[in-house]
Amino acid sequence: MADFKDETVVVIGLGRFGGALALELSSLGTNVLAIDSDRKIVQSFAGELPHVVTADTTDIDALRQLGVPDVHRVVVSIGTDIEASIMTTSLLVDLSVPDIWAKAISRQHGTILQRVGAHHVVLPEHDMGERVAHLLTGRMLDYIEVDTDYAMVKTKPPHDVVGVPLHESRLRAKYGVTIVSVKKETDGPDAGFTYATPDTVLMYGDLILVVGAIADVERFANAN
């Protein structure tokens, strides 16, 4: 891996999550070293990823031979083999990898990964389930949780903020949220989002991006 730069991302485990991640990173121009223990899986990615190898990542010598200790960021996306996931993460900690991301299949798995030293734990199925639940139970068109109690939602403005400049709507006082961007219906379907300003006047068909505490953005999105 002598030709790799510090910006290289190592993705270990090429299941649905890891494979999609590696392909997307590569399409964005990121140097990716993809690793899986299954030779058939590696062969299936050989024509799509420039650097994909078969290796046992529970073997610290294999990690050293691949130059993994020289990389800043590694994603452990091993799915069903929890033991291999935990062992690989532990070895990356032993190798002093600065930024370790690990996929967990349950909260208990995630807790163990954190305890052995993963810097970031991702629960894709759990996070997607929460997102869909929020979308199903309200008027939100999209929902992104950016912290444990903070979210951004895409929605349409309730009636009490329509037709008046934002600085007159008292959004913060009434709902505790901030409108950061707006996509005007009058600008047509191909229009993009633009920054909202204190003088922005919203109409019923507009789309808005709202940020705030989860309970506050949900209350705002569901206001009549």
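Given the structure is predicted, the values throughout are model-derived calculations rather than measurements.

Time to look at the overall build of the chain. Across its full length, the chain carries 8 helices and 11 strands. Against the globule reference of 17 Å for 224 residues, the chain gives a C-alpha radius of gyration of 22 Å, more extended than a compact globule. With respect to the principal axes defined by its C-alpha atoms, the chain has extents near 65 × 35 × 30 Å. Taking all 224 residues of the chain together, 40% fall into the buried category. Sequence-distant contacts, at least 24 apart, represent 55% of the contacts inside the chain between residues at least 6 apart. When the accessible surface of the chain is totalled, it reaches about 12300 Å², and 52% of it is carbon and sulfur. Across the chain, 19 positive and 31 negative side-chain charges occur, with their mean positions spaced 6 Å apart.

Bringing the sheet that holds strand E1 (residues 9-12) into the picture now. Taken together, the 6 strands give an open sheet; going across it, the order is E3-E2-E1-E4-E5-E6, and neighbouring strands pair in parallel fashion. Bordering the open sheet on either side are strand E3 (52-54) and strand E6 (120-122), each of which pairs with just one other strand. Along the sheet, successive strands turn relative to each other by an average axial angle of 20°, direction set aside. Where strand E5 (residues 99-103) meets E6, 3 bridges bridge the pair, whose relative direction is parallel. In the sheet register, Trp-101 faces E6, and the bridge partner there is His-120. This element, helix H1 (residues 16-27), spans E1, strand E2 (32-36), strand E4 (73-76), E5 and E6 of the sheet and lies at about 160° to E1.

What follows covers the nonpolar core. Nonpolar side chains in soluble globular proteins tend to be buried together. Residues Val-10, Ile-12, Ile-35, Val-68 and Leu-92 are the most contacted members of the largest nonpolar core, which totals 24 residues. If you list the elements that add at least two residues to this core, you get E1, E2, E4, helix H4 (82-94) and E5. Here this core takes 4 residues from H4, the largest share from any one element. Discounting residues that sit within four places of it in the chain, Ile-12 has contacts with Ile-35, Thr-57, Leu-63, Val-74, Val-75, Val-76, Ser-77, Ile-78, Thr-88 and Leu-92.

In this section: a nonpolar patch on the surface. On the surface, Met-128, Val-132 and Leu-136 cluster together to form a nonpolar patch covering roughly 300 Å² of accessible area. Judged by its relative accessible area of 70%, Leu-136 falls in the exposed class.

A few words now on the environment of Pro-98. Locating Pro-98 in the fold gives a position in the loop between H4 and E5. Those residues in contact with Pro-98 that sit more than four places away from it in its chain are Val-71, His-72 and His-119.

What follows is about the pattern of salt bridges. One pass over the full model with this rule turns up 5 salt bridges. In this structure, Asp-99 and Arg-73 form a salt bridge, with 2.7 Å as the shortest nitrogen-oxygen distance. Placement of the pair is Asp-99 in strand E5 and Arg-73 in strand E4, with a sequence separation of 26 residues. For Asp-216, the salt bridge is made with Arg-219, and the minimal N-O distance between the two is 3.6 Å.

A word on H1. Helix length check: H1, at 12 residues, gives a terminal C-alpha distance of 16 Å against a target of 16 Å (1.5 Å per residue), a fit within 8%. Within H1, the full set of buried residues consists of Gly-18, Gly-19, Ala-22 and Leu-25. Mapping the buried residues of H1 onto a view down its axis gives an arc of 135°, with all of them on the same face. In H1, the exposed positions angled more than 90 degrees off the buried face are occupied by Arg-16 and Ser-27. The inward-facing, buried residues of H1 contact E1, E2 and helix H2 (39-45). Gly-29 sits one or two positions beyond H1 and adopts a positive phi of about 95°.

Our next topic: the packing of H4 against helix H5 (residues 107-116). Where H4 contacts H5, the axes come no closer than 9 Å and their chain directions differ by 20°. Comparing their axes, H5 and H4 come out roughly parallel. Crossing of H4 over H5 shows right-handed handedness. Of the residues in H5, those touching H4 at Ile-82, Ser-85, Ile-86, Thr-89, Ser-90 and Val-93 are His-109, Ile-112, Leu-113 and Val-116. Class assignment for the residues of the contact of H4 with H5 results in 6 nonpolar, 4 polar and no charged.

What counts and how
- Residues numbered from 1 in each chain as written.
- Predicted model: local features only at pLDDT ≥ 70, side-chain atom pairs only at ≥ 80, totals over all residues.
- Heavy atoms only, no water.
- Helix = DSSP H or I, 4+ residues; strand = E, 2+ residues; numbered from the N terminus.
- Rg over C-alpha atoms; globule rule 2.2 N^0.38 Å.
- Buried < 20%, exposed > 50% of the residue type's maximum accessible area, 1.4 Å probe, protein only.
- Contact = heavy atoms within 4.5 Å.
- Areas by Shrake-Rupley, 256 points an atom, 1.4 Å probe, with all protein chains shown as cover.
- Lys, Arg positive; Asp, Glu negative; His and termini not counted.
- Charge placed at Lys NZ, Arg CZ, Asp CG, Glu CD.
- Pairing = 2+ DSSP bridges.
- Axes fitted to C-alpha atoms, helices over the stretch in contact; angles between N-to-C directions.
- Core = buried A, V, L, I, M, F, W, Y, C linked by side-chain atoms within 4.5 Å.
- Patch = residues over 30% accessible without salt bridge, like charges linked within 9 Å, V, L, I, M, F, W, Y side chains within 5 Å.
- Salt bridge = Lys/Arg side-chain N within 4 Å of Asp/Glu carboxyl O.
- Expected span 1.5 Å × (residues − 1).
- Arc of directions from axis to C-beta.
- Parallel < 35°, antiparallel > 145°, perpendicular 65-115°, else oblique.
- Left-handed = near helix turned anticlockwise from the far one by under 90°.
- Nonpolar A, V, L, I, M, F, W, Y, C, P; charged D, E, K, R; others polar.

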